[in-house]
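# Reading the structure
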Amino acid sequence: MNGFFDIPSDLDNTYFGLIGLHLREALLPVLAGLLAALPVAQLCVRFRWLYPPVLGVTTVFYAIPSLAVFVVLIDYTGQTELTVMIPLAIYSLVVLVPAIVDGVRSVPEETLAASTAMGFGPVRRYLQVQLPIAVPAILAGLRVAVSASISLVSVGALIGNQGALGNLLADAQKYGRPELAVNSVLTTAVLAILCDAVLVLLRNLLTPWMPRGRSGGRRPKKAAALPESQEAGAR
């Protein structure tokens, strides 16, 4: 562990400073992708013919390697955090649009009819009825987007030390210090696990109606196994 937290001076940062930088470069693009995905997903739900071409375009974007996007952007945004964050926002958008569309489409028709009968307009119905019911699907997409974004930030080390914790991988090779590579991999993994745990907790808080554990499914079985004599007496 000697030198495990000894960050090289050329990174101009501390260990916790790199963690903060890594989270900023990873989570801000996910937030931007979510804000962009919400209206796009609503358009896809409202106009069903729009979803297949949108899904096709987003799939093509997701297939483009991040390094290729860096090469295109670097002439416009330079060797900055923005060059790393723009592709991550696009990747998050690609993951979140299908998740939101599937979640909103899972809302029962009778629920939509009831909200319409109560005078809910399209925007209010989307924000107060469809999105809350779609929270589990949306957060499932967010978990994928956040984990992917945290891991992909490290690629930014290839464009001028913009990879946050990923910069430790480059310095590990540069200075012959393998402990820096171990530090980078372990810390990135821990960040991904912690962020995922926060999203799971958020899902539990936002969806108190969802069953927790297995206890909820056992009571009906006991009732079904009631002896016929007791059942007759109950009648």
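Scroll up a little and you will see the structure.
Below: a short report on this structure. (Residues numbered from 1 in each chain as written. Predicted model: local features only at pLDDT ≥ 70, side-chain atom pairs only at ≥ 80, totals over all residues. Heavy atoms only, no water.)

Let us look at the overall build of the chain. The number of helices and strands found in the chain is 11 helices and 0 strands. For the chain, the α and β elements follow one another from N to C terminus as α-α-α-α-α-α-α-α-α-α-α. For the chain, the residues scored as buried account for 39% of the 235 residues in total. Sequence-distant contacts in the chain: of pairs separated by 6 or more residues, those separated by 24 or more amount to 74%. Roughly 13,400 Å² of accessible area belongs to the chain as shown, and the carbon and sulfur atoms make up 67% of that amount. (Helix = DSSP H or I, 4+ residues; strand = E, 2+ residues; numbered from the N terminus. Buried < 20%, exposed > 50% of the residue type's maximum accessible area, 1.4 Å probe, protein only. Contact = heavy atoms within 4.5 Å. Areas by Shrake-Rupley, 256 points an atom, 1.4 Å probe, with all protein chains shown as cover.)

With that settled, the discussion passes to the nonpolar core. Grouped together as the largest cluster of nonpolar side chains are 48 residues, with contacts concentrated most on Ile-100, Val-101, Val-104, Ile-138, Leu-142, Ile-150 and Leu-168. Going through the elements one at a time, helix H1 (15–46), helix H2 (51–63), helix H3 (66–77), helix H4 (81–105), helix H6 (122–133), helix H7 (135–152), helix H8 (167–175) and helix H9 (178–206) are the ones with two or more residues in this core. Residue contributions to this core peak at 11 residues, all from H1. Residues within four places of Val-104 in sequence aside, it is in contact with Val-45, Tyr-126, Gln-130, Leu-131 and Ala-134. (Core = buried A, V, L, I, M, F, W, Y, C linked by side-chain atoms within 4.5 Å.)

Before going further, it helps to spend a moment on the packing of aromatic side chains. Considering all chains together, one arrives at 2 aromatic pairs under this definition. Between the aromatic rings of Tyr-15 and Phe-16, the centroid separation amounts to 5.3 Å while the plane-to-plane angle is 70°, which identifies the pairing as edge-to-face. According to the relative accessible area criterion, Phe-16 is exposed, its value standing at 65%. Look at Phe-47 and Trp-49: their rings are 6.4 Å apart centre to centre, the planes differ by 55°, and that puts the pair in the tilted class. Since its relative accessible area comes to 61%, Trp-49 is described here as exposed. (Phe/Tyr/Trp six-rings, centres within 6.5 Å; stacked < 30°, edge-to-face > 60°.)

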